[in-house]
Amino acid sequence: MMALDSFIARPAPKVDKGDRDLKIKKPETWATGLPAGLNAIKVGLEQMGPKRTAQTLLRVNQHNGFDCQSCAWPDEDPDIRKTIAFCENGAKAVADEATLRRVPPEFFAKHSISELHEKSDFWLGEQGRLTHPMVRRDGSDHYDPITWEEAFGLIADKLNSLDHPDEAIFYTSGRVENETAFMLQLFARQLGTNNLPDCANMCHESSGSAMNPTVGVGKGTVTLDDVQTADLLIVAGQNPGTNHPRMLASLAEQKKNGGKIVAINPLYEAGLMRFKDPQNPIDVLGEGQRLADEFVHIRLAGDLAFFMGVNKILLERGHLDKAFIDEYTAGFEEMKANLESISWDDILYQTGIEKAQIEKVAQMVIDAKSVIVCWALGITQHKQSVATIQEIVNLLLMTGNIGRPGAGLCPVRGHSNVQGDRTQGITERPKEAFLKAMDEEFGMECPREHGVDTIEAVRAMHEGKAKFFLQMGGNFARVTGDSDYTEDALRNCDMTVYVSTKLNGTHAAPGKVSLILPVLGRTELDMTGGKPQRLTVEDSMSMVHASQGRLKPASRELRSQPAIIAGMAKRTFPRNPKIDWDAMEHDYDVVRNHIEHVIPGFDNFNERINIPGGFQLPNGPRDSRTFATENGKANFTASPLELIKLEDDQLLLQISRSHDQFNSTIYGLDDRYRGIHEGRRVIFINPEDIARLGLRNGQIVDITSEYDGEEHKAVAFRVVEYKTAKNCALAYFPEANVLVHNRQVAEVSNTPVYKSVRIRVTPTTHTGPVPLR
């Protein structure tokens, strides 16, 4: 059967075509449906062949199966879970990892690092799975094979030669499971540093920064059942059709239960308007389920003003849960006075919509028995993102919509275990209670000084303050913004270590010495210690469950993430009976026992992961209306409203995904919901703005941003006429990330402002080949 798989599966592309065959077609106007299902099967067959497609896709998000590598949307209860429990993009993620394509040492002998640097991330990823540990030695332009033991020795020697532990940085992707995350933070803190930045710094850091001081937790306060039974859902700054497709089924269920949805977005997105369930023949053949009852076509960075407007109307109309406010909250009068000082002229300018629509949404809140507000990166990646989320908190506190059925806060995480990583201690700013528990469990003294976040890590490397960088999953150079600056920072390190399943653009930005360590994927059987091992993940609603792959690993040389961390630790540190790295490597139950002792909510961890569907971690606001803030109350906040005044020739740009990608992993060159096929270097602009700027649809243009007197340019993008909000535009990342200055970040959270970049768009002056990256 494997021979048949190999015969049917397509080989990796040899030529990086870039946008050579770019086509613009009519966008699809509804989400998923039959084309999505067929596309998922097509991608599986091309990458895996028929046998592996069946072996993997029927086990995604199933009890005794493995957790999908893509989004963190929760699973249905096992008693009602469907046999097909994945979406189109989930199938692409599985196929991407379980592909039959391979990148052996011979590939690196053929392709220099300089050559790989000019390739697109799509082409790099399409080459297949990494099979052997590789090293780039100082001065070389190639990666060469290396043994695991020699690689661990190089790492240990470098770490032990540092002048200070803070010269080392350990970065984590949301793809990393709980046990791996716990082990990595233990490794870093045993070394003596809190330099544990992660991908959350660039996505939902604003959510945690807003929610922790206001409701005492940085996670959502709702369950999946709450979402499906809410009377009103407000979905802001989110495109579920591409970024969280399984959420569409929950939205459709909420509508069937009589609920209403308000969608707030600068673009008309298919996934906000209508959903056709590919597993429901009536939907596929019919009109499907209408989703948004009210669509708010807001300007970029207008959400703070919008929620201030809604809250002003709630105050004016006296729609307040006074009993809840009096018993559970603080700061109401200050918040009220602040809202009264905000003018309607400023609100309407910043939102770009009519007051009547804000009044209509406010009345929907008044009429609703329960309200949930969901949001994603369209909210979290602006200068005033933290203030925006705190204004959402204000809305729910005013109306008593926290801690009761069908109500609460719902930040929708974008990566399968990004929330779990933070729970396990992956943070540059750990809480004292966590550090004390670590000290007691391992007989050590954890460092107390805060470390660097992702943006600060780039600066530290660029300035020579950090000399060692380890990436546990992810594609650091492509997701951090200010791409050239980030690559220079990585190259400035004495050593970079990239733990990866597949090749990506970060591997082409090596330190003086650089290691690529190939790792097992979630779909693969982990026999570390001579027995099948399980790992666990935490979803957006704090459900923890096991994940176990079954496929034969892509290479005998692959090691698990826990085994790699333990291998480094055993070479770096002297033996310590309180920190038994050998035991943790060979039995992940040992890791879970440590987690149980350190982190609240993980009682009987090893036993409870056997429960179908897993178990839910405690959540004070959700479970008991208790708030772990400094004053023990849920806190209202008062924020200023900053207006973004554009010059006549400027637009405000948001940098987002296409439909054929997940974070920095690009599965294909299509974005059918926006009408793009076989290309990515496009910029979507409102037709009126195209005319006003003297441009034309289809024209090739350059995009220039300016921040703090410094210009950044992205060249050779094609203008695409699209119904964005006026004065707003959209381009894809990572191609447009170069436009975001390293110091262009959100207040408080330090998250890059990917969703509000001031740009100028001009006819191209670029005369060379069109860039592929």
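Located above this text is the structure these notes cover.
Residues numbered from 1 in each chain as written. Predicted model: local features only at pLDDT ≥ 70, side-chain atom pairs only at ≥ 80, totals over all residues. Heavy atoms only, no water.

A. Summary view of the overall build of the protein. The helix and strand inventory of the protein stands at 32 helices and 31 strands. Taken against the 2.2 N^0.38 rule, which gives 28 Å for 773 residues, the C-alpha radius of gyration of the protein at 25 Å falls within 12% of a compact globule. Taking the principal axes of its C-alpha atoms as reference, the protein extends roughly 70 × 60 × 55 Å. Looking at the 773 residues of the protein, the share that counts as buried comes to 65%. Taking the intrachain contacts of the protein between residues at least 6 apart in sequence as the baseline, contacts between residues at least 24 apart amount to 79%. For the protein, the accessible area works out to roughly 27,300 Å², and carbon and sulfur atoms hold 50% of it. (Helix = DSSP H or I, 4+ residues; strand = E, 2+ residues; numbered from the N terminus. Rg over C-alpha atoms; globule rule 2.2 N^0.38 Å. Buried < 20%, exposed > 50% of the residue type's maximum accessible area, 1.4 Å probe, protein only. Contact = heavy atoms within 4.5 Å. Areas by Shrake-Rupley, 256 points an atom, 1.4 Å probe, with all protein chains shown as cover.)

B. A look at the pairing of strand β23 (residues 651–656). Buried residues dominate β23, accounting for six of its six residues. Residues L651, L653 and I655 point to one face of β23 and L652, Q654 and S656 to the other, with burial holding for every one of them. Summarising the sheet, β23 and strand β31 (residues 757–763) pair through three bridges and their orientation is antiparallel. Among the inter-strand pairings, L651 is bridged to a residue of β31, identified as I759. In terms of strand pairing, β23 meets strand β30 (residues 728–732) through five bridges, oriented parallel. Each residue of the ladder has a partner; that of S656, found in β30, is Y732. (Pairing = 2+ DSSP bridges.)

C. A look at the sheet that holds strand β20 (residues 543–547). Spatial ordering of the open sheet is given by β19-β20-β21, a layout of three strands whose pairing is antiparallel. Lying at the two open borders of the sheet, with one neighbouring strand each, are β19 (535–538) and β21 (615–616). With two bridges connecting them, β20 and β21 associate as antiparallel partners. In the sheet register, V544 faces β21, and the bridge partner there is F615.

D. Up close: the packing of aromatic side chains. Enumeration according to the criterion identifies 22 aromatic pairs in this entry. Note on F170 and F468: the rings are 5.8 Å apart at their centroids and 50° apart in plane angle, and the pair reads as tilted. Placement of the pair is F170 in strand β7 (residues 168–172) and F468 in strand β16 (residues 468–472), with a sequence separation of 298 residues. The pair F170 / F468 is uniform in exposure class, with both members buried. Aromatic pair F469 and F476: ring centres 4.7 Å apart, planes at 50°, arrangement tilted. Taken individually, F469 and F476 each receive the classification buried, so the pair is uniform in this respect. Over the ring of W123 we find K119, and its NZ or CZ is 4.6 Å from the ring centre. The side chain of R299 reaches across the aromatic face of Y349, ending 5.2 Å from its centre. (Phe/Tyr/Trp six-rings, centres within 6.5 Å; stacked < 30°, edge-to-face > 60°. Lys NZ or Arg CZ within 6 Å of the ring centre and 35° of its normal.)

E. Spotlight on the nonpolar core. With 58 residues, the main nonpolar core has F108, M461, F469, L653, I683 and I759 as its most contacted residues. Dropping the residues within four chain positions of it, M461 is found in contact with I169, A466, F469, F476, A489, L490, N492 and C493. In this structure, C446, I565, I579 and L617 belong to the second largest nonpolar core, which totals 57 residues. (Core = buried A, V, L, I, M, F, W, Y, C linked by side-chain atoms within 4.5 Å.)

F. Representation of the sheet that holds β7 within the structure. Strand order in this open sheet of six strands is β6-β5-β18-β17-β16-β7, and the pairing throughout is mixed. Strands at the two margins of the open sheet, each flanked by one partner only, are β6 (144–145) and β7. The pairing of strand β5 (residues 134–136) with strand β18 (residues 513–518) spans three bridges and is antiparallel. Paired with R136 across the two strands is S514, which belongs to β18.

G. Highlighting the pattern of salt bridges. Throughout the structure, instances matching the rule amount to 43 salt bridges. Note that R622 and D623 form a salt bridge whose closest N and O atoms lie 2.7 Å from each other. When its relative accessible area of 13% is taken as the criterion, R622 is described as buried. Residue D623 is classed as partly exposed on the basis of its relative accessible area, which comes to 47%. One connected set of salt bridges, linked through shared partners, spans D121, R478, E487, D488, R491 and R773. (Salt bridge = Lys/Arg side-chain N within 4 Å of Asp/Glu carboxyl O.)

H. Spotlight on the layout of surface pockets. As a volume, the largest pocket reaches approximately 1,400 Å³. In terms of lining residues, the largest pocket is bounded by 41 residues, among which N212, G216, V217, G218 and K431 are the most central. Residue assignment for the lining of the largest pocket shows that the elements contributing at least two residues are α9 (205–215), α22 (418–423), α23 (432–442) and α31 (620–624). Looking at the lining of the largest pocket, the element that brings in the most residues is α9, giving five residues. (1 Å grid on protein atoms, 1.4 Å probe; cavity = no way out; pocket = protein on both sides within 12 Å on 5 of 7 lines; lining within 4 Å. Points joined across faces, edges and corners; volume = space filled by probe spheres on them.)

I. Up close: the pairing of strand β12 (residues 294–297). Residues E294 and V296 point to one face of β12 and F295 and H297 to the other, with burial holding for every one of them. Bridge count for strand β9 (residues 260–265) against β12 is four bridges, and the pairing is parallel. Bridge assignment links I264 to a residue of β12, and that residue is V296.

J. Quick look at helix α3 (residues 88–98). For α3, the buried fraction is high: 11 of the 11 residues fall into the buried class. Taken residue by residue, α3 has E88, N89, G90, A91, K92, A93, V94, A95, D96, E97 and A98 as its buried positions.

K. Broad picture of the packing of α9 against helix α21 (residues 385–398). Two elements in contact, α9 and α21, have axes separated by 8 Å at closest approach and are oriented at 45°. What the angle tells us is that α9 and α21 run oblique. The way α9 lies across α21 gives a crossing that is right-handed. Judged by residue contacts, S206, S207, S209, A210, M211, P213, T214 and V215 of α9 engage S385, V386, I389, Q390 and V393 from α21. A per-class count over the contact of α9 with α21 returns seven nonpolar, six polar and no charged. (Axes fitted to C-alpha atoms, helices over the stretch in contact; angles between N-to-C directions. Parallel < 35°, antiparallel > 145°, perpendicular 65-115°, else oblique. Left-handed = near helix turned anticlockwise from the far one by under 90°. Nonpolar A, V, L, I, M, F, W, Y, C, P; charged D, E, K, R; others polar.)

L. How the structure looks around a negative patch on the surface. A cluster of acidic residues, E316, E333, E334 and E340, forms a negative patch at the surface. Among the elements that take part in the negative patch, helix α17 (residues 332–341) stands out by supplying three residues, more than any other. Mapped onto the fold, E334 is located in helix α17. Judged by its relative accessible area of 52%, E334 falls in the exposed class. (Patch = residues over 30% accessible without salt bridge, like charges linked within 9 Å, V, L, I, M, F, W, Y side chains within 5 Å. Lys, Arg positive; Asp, Glu negative; His and termini not counted. Charge placed at Lys NZ, Arg CZ, Asp CG, Glu CD.)

M. Geometry of unusual backbone geometry. The linkage connecting F733 with the following residue, P734, adopts the cis geometry, with an omega of 10°. Note that P734 resides in the loop between β30 and β31. In this model, D482 sits at a positive phi of 45°, which is unusual for a non-glycine residue. Structurally, D482 is set in the loop between α25 (476–479) and α26 (483–491). The class for D482 is buried, based on a relative accessible area of 5%. The phi angle at N604 is positive, at roughly 50°, despite the residue not being glycine. Of note, N604 is situated in the loop between α29 (588–598) and α30 (605–608).

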